Amino acid sequence: MSLADDITRLPIPLDPQRGQIALDTLGLAPGAAADLIRGTAGCSPYLAGLIEREAEWLAATLMRSDLFPAAIVGDETADFADLSPDALSPALRRAKGRVALITALADLGGVWTLEQVTGALTDLADRATDLALRAHIGTEIARGKLPPTQADAGGIIALAMGKMGAAELNYSSDIDLIILCDDSAYDPADQHEARAALIRAVRKAVGTLSDNTAQGYVFRTDLRLRPDASVTPVCISASAALGYYEAEGRTRERSAYIKARPCAGDLAAGQRFLDELRPFVWRRHLDFATIEDAHDMRRRIREHKGLQGRLTVPGHNMKLGPGGIREIEFFTQTRQLIAGRRDPDLRVRGTVEGLARLAEKGWIPPEVATELTQHYRLHREVEHRVQMVNDAQTHSIPANPEGIDTIARLMGAADTAAWQGDLQARLERVETLTSDFFAPSERQQRPDLPPEAEAIAARWPDYPALRSQRAQQIFGRIGSDLLTRMTRAADPLNALSHFDAFLAGLPAGVQLFSLFEANPQLVDLIVDICGTAPGLASYSSRHPEVLDAVLGGSFFAEWPGPNGLRQMLQHQLDTVMAAADGGYERALDTARRWAHEWQFRTGVHHLRALIGADEAGQQYADIADAVLGALFPLVAGEFARRHGAAPGRGAVLIGMGSLGARLLNAGSDLDLIVIYDSAGQESSDGQKPLAARPYYARLTQAMITAVSAPTAAGRLFEVDMRLRPSGRQGPVATSVQSFRDYQMTEAWTREHLALTRARIVASCGDGGADLARDVEALRIKVLGARGQDERVLPDLAEMRARIFAAKGSDGKWDAGTGRGRLQDIELFAQSLALRAASPVRGAAAQLRAGQRAGLISAEDARNLASAHRLLWNIHGTGRLLGEKRVDFDDLGQAGRDFLLRESGADSVSDLAKAFDDTVEKSAAIIEKALGQVAEPAGQP
């Protein structure tokens, strides 16, 4: 099929005589192609001239069956690589005219999509830029001015910026380039000479592209987007550019690099530069401060261009005016900058693709994305036709009626007035859709506060978060609204006090306050947290970036489960390790931030009654499992780089206690032990080999450090290794043979009880998976062999006595420690699992195992399980409410209501009675079981 066969629309000639002259020159028979030529030439003097000048070429091209952008550009620039700079200049200008002509006809005839039109223009710009640079670099090499190098194109890097980078060039666009040289391409002694030669080559290449000769120009070329363009040469080193962006880069430069793309010269070196620049462009947190920066940029552009007036079509700037193309681009790019570091799928160059990705990920409503995409396509078509008339670099609709009529006819409109009204409506709609996003919120009236609240708010200007002028400005706009929402809390003064603590703990405020301003629902959440759960508020203050996760689109989605979590984290770690700016330490910080966000999510879901305390406990354990499962192999791999692969089969990481039972709370530490199997291999074989025992001991210490060491990203978990064989006196890593011997011949009953909850959470080494299966089989074997020991119950009785003597309950509401409370019930449940040789780990499952084995009655098992559930609800909820034990006297009304909801009680007095009755009944059941044996013998 040829272009003539695919025409779907036609321009209406404004000057039929000029159109007929162009058609007669071409010699086409009547038909759609003839109508297209007549209409095009009859509206555009520039295109009419091209049609007449290239008549023979055009007649043949219109009949081609392979008329698509890449083929046209490729054919018209074939063999140009061998041309001298003097011969290249007119050849490129001829190619530009032909590509421009066929692109205009394919566009006006509806044969090519917008992406094909802009893609053809961009392909030509890429090819022309590369040819011009290589031609002049070749001249420098031939003159002996450029030192020898193995780098492609002499190490020159051309980055396409703006519309060229996104393959969105206008019909008469200039091209924005940043030209760099690869520092590593030359020896240090040659770099000065090389830089001088490359600067000369770049200047001449720009002339080849943009000088307006008798044959016209190829592309007007703008190099002013380079760092500090007023004082830097046209070509600077990549390292200098990186240093500039790291120290002085601004939001507009970050925004520009969304679309940046290596387009000419050494493409691999260009991609390496962009990879290194990634942290500058894509910030770690959700960067809502970008919104205000973008708003200020829009305002300055409008003031500079005089575009603040009433929106009318005559003379309207389709690119920079209200409701124009730049509005849609800013709207898209700003949201990409906000969330692009967290979600790499948003890092796309094209505006249309960016809108689609933002809608797909829940950052904008799909209907808004669809509507803005439609407006963007139509705006770009209008812009192209404005430029087609005289090949002018303009974006403004003509101010006179004749000019507007020309543009309407190129758009195929027979009724200019109706077309103008439709364009006016579209511009106004875009302005409506985008302006609310950019405009800063209005300062609201401050509510009246009681003296105690006024005294709290009076301290805020002295806090670190409000030191900068910008932070004060943003907080000034949101502070009144925040205080108003605080006054609606169940206990306003209590909520304000906890918000005060939250604010005092923030190291900085601009990003978070911008987040609140752009997302008022987050203010409601933080008020809810401060009014209900000061412990969660404290956590948010230490890790304010966790609030970003609420806006990620999946914050309230279904729980992904342990496997899903592990896959998500593993993907992030793999991405970081593979990145040019990644590495081991970055990966550890990524794991910390990931865990903090998911822990915060669980806390918020619990607070909002989306899950209960029991489910929250399992989710906290799933998060820990995912972190340990992903980090242990990572730590082992990093350790192996220095000391060689793990000797023998490798090692397993075993979760003990609450982690093993998959029931953690918001403040839980992790009980861990490490078991390894060197399989007879005496040492590792790395650059710094270690004997097997110190190898695994130091690997374990490295893992402990990775999990528990605080960094700028915070801490993952506190780690407790005291449950390993021989406790503090034993090695931090135990061989599987020693573990077997110890458990069978030396371990105390308390250690066998702990073993009932042991669960393998991670492994490393070539045989780690096999070792995990063997260790689990060994655990079950130990339980079967040692659970029949007649000392189990006597030893448990003595353990209870010692625990109660050493540490009593921490207040009336301590659900964890004390007679008949969680620890007491769990130890008794463990004794049942041990005696029944059951592999189950959770307290409820162990109680059922004891019932099935005839060790406890069904009624007692149900009562203890019910007691454990109530006490865990109080305990798990209490750790979310605060970092100390629950005390109803210190809780605000919202906190009390939360605890009553979780416990199913109607009032504090009802809960107190239920608590006391439960503890007493649990203790009686346990003591009845222990009272059936003789007085316990002693045990160290």
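Residues numbered from 1 in each chain as written. Predicted model: local features only at pLDDT ≥ 70, side-chain atom pairs only at ≥ 80, totals over all residues. Heavy atoms only, no water.

We now examine the overall build of the chain. Helices and strands together make up the secondary structure of the chain, namely 39 helices and 10 strands. Referenced to the eigenvectors of the C-alpha coordinate spread, the extents of the chain come out at roughly 120 × 70 × 55 Å. For the chain, the proportion of its 940 residues judged to be buried stands at 57%. For the chain, long-range pairs separated by at least 24 residues make up 76% of all intrachain contacts whose partners lie at least 6 apart in sequence. If you sum the accessible surface of the chain, you get close to 37900 Å²; carbon and sulfur atoms cover 49% of it. Within the chain, the 122 negative side-chain charges are centred at a point lying 3 Å from the centre of the 106 positive side-chain charges. (Helix = DSSP H or I, 4+ residues; strand = E, 2+ residues; numbered from the N terminus. Buried < 20%, exposed > 50% of the residue type's maximum accessible area, 1.4 Å probe, protein only. Contact = heavy atoms within 4.5 Å. Areas by Shrake-Rupley, 256 points an atom, 1.4 Å probe, with all protein chains shown as cover. Lys, Arg positive; Asp, Glu negative; His and termini not counted. Charge placed at Lys NZ, Arg CZ, Asp CG, Glu CD.)

Bringing the state of the cysteines into the picture now. Each disulfide consists of one covalent bond between the sulfur atoms belonging to two cysteines. A complete count under the given rule lists zero disulfides for this structure. With no disulfide of its own, Cys235 has Cys181 as its nearest cysteine by sulfur position, at a separation of 4.2 Å. (Disulfide = S-S within 2.5 Å.)

Now for the pattern of salt bridges. Where side chains of opposite charge bring their charged atoms close, a pairing between them can arise. Applying the stated criterion to the full structure yields 52 salt bridges. Ionic pairing is found between Glu798 and Arg802, a salt bridge with its closest N-O pair at 3.0 Å. Of this pair, Glu798 and Arg802 both sit in helix α34 (residues 792-806), four residues apart, which is roughly one turn of that helix. Several salt bridges share partner residues, and in doing so they unite Lys163, Glu168, Lys259, Arg326 and Glu329 into one network. (Salt bridge = Lys/Arg side-chain N within 4 Å of Asp/Glu carboxyl O.)

Turning our eyes to something else, we now look at the confidence of the model for the chain. Per-residue confidence for the chain gives a mean pLDDT of 86; residues scoring 70 or more make up 91%. Here helix α14 (residues 289-305) stands out as the element of the chain with the lowest mean pLDDT, 55, in contrast to strand β1 (residues 156-160), whose mean of 97 is the highest. Segment residues 932-940: pLDDT under 50, and 17 contacts once partners within four positions in sequence are set aside and those in other chains are kept. (pLDDT = per-residue confidence, 0-100.)

This part covers the packing of helix α8 (residues 114-142) against helix α17 (residues 366-388). It is the contact of α8 with α17, at a shortest axis distance of 11 Å, that shows an interaxial angle of 50 degrees. When the axis of α8 is compared with that of α17, the two are oblique. With respect to the hand of their crossing, α8 and α17 are arranged in left-handed fashion. Facing Leu114, Glu115, Val117 and Thr118 of α8, the residues of α17 in contact are Tyr376, Arg377, Arg380 and His384. Among the residues making up the contact of α8 with α17, the classes are represented as three nonpolar, two polar and three charged. (Axes fitted to C-alpha atoms, helices over the stretch in contact; angles between N-to-C directions. Parallel < 35°, antiparallel > 145°, perpendicular 65-115°, else oblique. Left-handed = near helix turned anticlockwise from the far one by under 90°. Nonpolar A, V, L, I, M, F, W, Y, C, P; charged D, E, K, R; others polar.)

Between its terminal C-alpha atoms helix α22 (residues 492-504) stretches 18 Å, which fits the 18 Å expected from 13 residues at 1.5 Å a residue. Residues of α22 that are buried: Asn494, Ala495, Leu496, Phe499, Asp500, Phe502 and Leu503. (Expected span 1.5 Å × (residues − 1).)

Topologically, Gly582 is positioned in the loop between α26 (561-578) and α27 (584-607). Taking C-alpha positions, Gly582 is 9.4 Å from Glu276, a pair spaced 306 residues apart along the chain.

This part covers the pairing of strand β5 (residues 261-265). With five of five residues buried, β5 lies mostly within the body of the structure. As defined by bridge partners, β1 adjoins β5 across four bridges and the pair is classed as antiparallel. Of the residues in β5, the one forming a bridge with Ile157 is Gly265. (Pairing = 2+ DSSP bridges.)

Here we take up the packing of aromatic side chains. Aromatic ring pairs: the centre-centre distance and the angle between the two ring planes describe each pair. If you walk through the whole model with that rule in mind, you get 13 aromatic pairs. Considering the side-chain rings of Trp559 and Trp598, the 5.5 Å spacing of their centres and the 80 degrees angle between planes classify their relative orientation as edge-to-face. One end of the pair, Trp559, is in the loop between α25 (534-542) and α26; the other, Trp598, is in helix α27, and 39 residues separate them in sequence. The same class applies to Trp559 and to Trp598, which are both buried. Here Tyr695 and Tyr696 contribute two aromatic rings whose centre-to-centre distance is 5.4 Å and whose plane-to-plane angle is 70 degrees, an arrangement assigned as edge-to-face. (Phe/Tyr/Trp six-rings, centres within 6.5 Å; stacked < 30°, edge-to-face > 60°.)

Now for the nonpolar core. Formed by 152 residues in total, the largest nonpolar core has its most connected members in Trp460, Leu503 and Leu631. A total of 16 residues in this core trace back to one element, the largest contributor, which is helix α28 (residues 613-643). Those residues in contact with Leu631 that sit more than four places away from it in its chain are Leu573, Leu588, Ala591, Met703, Val707 and Leu716. Residues Leu47, Ala55, Leu105 and Leu311 belong to the second largest nonpolar core, which totals 93 residues. (Core = buried A, V, L, I, M, F, W, Y, C linked by side-chain atoms within 4.5 Å.)

Inspection of the secondary structure puts Glu826 in helix α35 (residues 822-836). Exposure remark for Glu826: the relative accessible area of 14% places this residue in the buried category. Those residues in contact with Glu826 that sit more than four places away from it in its chain are Arg757, Ala843, Gln846 and His868.

So, about unusual backbone geometry. Its identity as a non-glycine residue notwithstanding, Ala153 has a phi of 55 degrees, on the positive side. Even without glycine at this site, Ala837 takes up a positive phi of about 55 degrees. Mapped onto the fold, Ala837 is located in the loop between α35 and α36 (843-852). Under the relative-accessibility criterion, Ala837 is labelled partly exposed at 28%.

A word on the pairing of strand β6 (residues 650-656). Within β6, seven of the seven residues are buried, which leaves it mostly tucked inside the rest of the structure. Every second residue of β6 is oriented toward a common face, with Gly650, Val652, Ile654 and Met656 on one face and Ala651, Leu653 and Gly655 on the other, all of them buried. Relative to strand β7 (residues 670-677), β6 runs antiparallel, the two being bridged by seven bridges. Looking across to β7, one finds that Leu653 is bridged to Val674. Both β6 and strand β10 (residues 759-764) contribute to a ladder of five bridges, which runs antiparallel. In the strand pairing of β10, Ile654 is matched with Ile760.

With respect to the secondary-structure elements, Glu115 resides in helix α8. Once the C-alpha coordinates of Glu115 and Val352 are considered, the two residues, 237 residues apart in sequence, prove to be 9.4 Å apart. Discounting residues that sit within four places of it in the chain, Glu115 has contacts with Val352 and Arg377. Within the structure, Glu115 has its side chain in polar contact with the side chain of Arg377 (distance 2.9 Å). (Polar contact = N/O pair within 3.5 Å; in protein donor to acceptor, adjacent residues only side chain to side chain.)

Turning our attention to the packing of helix α15 (residues 325-339) against α17. Axis separation between α15 and α17 bottoms out at 9 Å; the angle between their running directions is 140 degrees. With respect to α17, the axis of α15 lies oblique. Considering the relative orientation of α15 and α17, their crossing is left-handed. Residues Ile325, Ile328, Glu329 and Phe331 of α15 touch α17, and the partners they reach there are Val368, Leu372, His375, Tyr376, His379, Arg380 and Glu383.

Turning to helix α38 (residues 893-903), a few remarks are in order. Of all the positions in α38, only Ala894, Gly895, Phe898, Leu899, Leu900, Glu902 and Ser903 are classed as buried. Within two residues after α38, Gly904 carries a phi angle of roughly 75 degrees, on the positive side.

Counting through the fold element by element, Val386 comes out in helix α17. With a relative accessible area of 6%, Val386 lands in the buried category. Sequence separation of Val386 and Leu449 is 63 residues, and the distance between their C-alpha atoms is 59 Å. Not counting chain neighbours up to four residues away, the residues in contact with Val386 comprise Thr394, His395, Ser396, Ile397 and Ile407.

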